[in-house]
Amino acid sequence: MVNISSLFYFAAALPGLVLGYALPEACSGTCTNSHDPAIIRRADGTYFRFSTGGRIAIHTAPALTGPWTYRGAVLPSGSSIALAGNQDLWAPDIAYINGIYYLYYSVSTFGSQDSAIGLARSSSMDAGTWTDVGSVGVRSSPGKPYNAIDGNLISFNGNYYLTFGSFWNGIHQVQMKSTPTGVQSGSSAVQVAFDPADTAMEGPTVFKHGSYYYLFFSKGTCCGYDKSRPAAGKEYRIMVCRSTSATGGFVDKNGKSCTSGGGTVVLPSHNWVYGPGGQGVYQDPTYGPVLYYHYVDTRVGFADGQKRFGWNKLNFSSGWPVV
Ligand SMILES: *[C@@H]1O[C@H](CO)[C@@H](O)[C@H](O)[C@H]1NC(C)=O
């Protein structure tokens, strides 16, 4: 029943609705099993989506909304890096540099610090065109102060930096060579985010908007929700800090340093969305800045292979990204 007072009640509730988290935008075609997605649009308008699994799955679509079609693997024979996990590559990151696509990937096994970040390159991104460059020199082993996974490339002041990690001691960064196939000689890893009270943070993305560099990361437990579910609120969620530099000084909305536990929530579990993470941010020509990620649709299932591709527009008008 609708009467005048309930209409007033609805209007009064609207500001609350605006503060809520939007549901993922539409996705058609193959939208499941898209862990740790990476998105880029080719000059001909084709969208490419890369994701963890096998030897990095390639999906393409005519639009961000789909329909997405599987096209094959980036490295059908696995990585040349001689480490356990070289047939099960993780966490792709994609960049376009001087006519060449650079795809960074991780070689590791679950819960292991024996890890390395590798690189594959292609001029078109189509399946069958990728060449494996192998390790970029970001390597970890037990005892190192980080885990060499989840690389993300950013250009800052004419230099390239690879932000990565970690689950061990937070998020780190190294300077890369001017052609970012390897670490700049003399550069060593610097910690840019860490929470001493909860070290489960990984999957960084650095994105420039306006005069700030935004460091997005995934915090919490990523995987295996069908076997063992973390305490409520400890599952994956997407967080952010910002700085006027891409290489440090990141703070959250309250001014708390990202190296001492700072971090502002961008997207946590909500509605039927559970454990969103593995995110990236893309400056889309149609939608503007877009946050993309994987998530569990609680109406579908909690297994890693059931994770869905999600995306939302980001609004930076307050100086902080809002979904
Ligand atoms: C961004 O958010 C602000 C504040 O909530 C709002 O006024 C503005 O309309 C939003 N912009 C877009 C493009 O939605």
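Residues numbered from 1 in each chain as written. Predicted model: local features only at pLDDT ≥ 70, side-chain atom pairs only at ≥ 80, totals over all residues. Heavy atoms only, no water.

In the annotation of an unreviewed UniProt entry, the entry for the chain reads Arabinan endo-1,5-alpha-L-arabinosidase, and the organism field reads Canariomyces notabilis. Looking at the Sequence similarities (unreviewed entry) heading of the UniProt record, one finds this comment for the chain: "Belongs to the glycosyl hydrolase 43 family." (UniProt positions renumbered as here; feature names shortened; annotations may be inferred.)

(A) Broad picture of the environment of alanine 95. Along the chain, alanine 95 turns up in strand β5 (residues 90–97). Look at alanine 95 and you get buried, because its relative accessible area is 14%. Along the backbone, alanine 95 and leucine 153 are 58 residues apart, and their C-alpha atoms lie at a distance of 7.2 Å. Ignoring any residue separated from it by four or fewer positions in sequence, one finds alanine 95 in contact with Ile100, Tyr101, Tyr102 and Leu153. (Helix = DSSP H or I, 4+ residues; strand = E, 2+ residues; numbered from the N terminus. Buried < 20%, exposed > 50% of the residue type's maximum accessible area, 1.4 Å probe, protein only. Contact = heavy atoms within 4.5 Å.)

(B) Spatial organisation of the pattern of salt bridges. If you walk through the whole model with that rule in mind, you get 8 salt bridges. Two residues, aspartate 44 and arginine 42, come together in a salt bridge whose shortest N-O distance is 2.9 Å. Lysine 227 serves as the salt-bridge partner of aspartate 226, at 3.9 Å between the closest nitrogen and oxygen. Judged by relative accessible area, lysine 227 falls into the exposed class, the value being 73%. One connected set of salt bridges, linked through shared partners, spans Arg42, Asp44 and Asp126. (Salt bridge = Lys/Arg side-chain N within 4 Å of Asp/Glu carboxyl O.)

(C) Expanded view of the nonpolar core. Counting residues in hydrophobic clusters, the biggest one holds 32 residues, and the most contacted among them are Phe50, Trp68, Val74, Ile94, Tyr105 and Trp130. Top element by residues in this core is strand β6 (residues 100–107). It accounts for 4 residues. Sequence-distant contacts of valine 74, that is, excluding residues within four places in its chain, are made with Phe50, Arg55, Ile56, Ile58, Leu103, Ala120 and Trp130. (Core = buried A, V, L, I, M, F, W, Y, C linked by side-chain atoms within 4.5 Å.)

(D) Focus on the UniProt feature "active site" (unreviewed entry) in the chain. In the numbering used here, UniProt assigns the "active site" (unreviewed entry) feature to Asp36 and Glu202. Across 167 residues, the annotated set stays spatially compact, with a maximum C-alpha separation of 11.1 Å. Tracing the chain through its elements places aspartate 36 in the loop between α1 (4–19) and β1 (38–41). Given the relative accessible area of 12%, aspartate 36 is considered buried. Those residues in contact with aspartate 36, other than ones at most four positions away along the chain, are Phe50, Ser51, Thr52, Ala91, Pro92, Gly278 and His294. A polar side-chain atom of aspartate 36 sits 3.3 Å from a polar atom in the side chain of histidine 35. Among the secondary structure elements, glutamate 202 is positioned in strand β13 (residues 201–209). For glutamate 202, a relative accessible area of 7% gives the class buried. Setting aside its immediate chain neighbours within four residues, glutamate 202 contacts Ile149, Asp150, Gly165, Ser166, Phe167, Ile171, Phe217, Ser218, Cys222 and Tyr236. (Polar contact = N/O pair within 3.5 Å; in protein donor to acceptor, adjacent residues only side chain to side chain.)

(E) Molecular detail of the sheet that holds strand β7 (residues 115–122). Pairing is antiparallel across the open sheet formed by 4 strands, whose spatial order is β5-β6-β7-β8. Looking at the sheet topology across the chains shown, the edges are occupied by β5 and β8 (131–140). Direction aside, the axes of adjacent strands within the sheet are offset by 25° on average. Where β7 lies against β8, 7 bridges are found, and the strand directions are antiparallel. Looking at the pairing, glycine 118 lines up with serine 135 of β8. (Pairing = 2+ DSSP bridges. Axes fitted to C-alpha atoms, helices over the stretch in contact; angles between N-to-C directions.)

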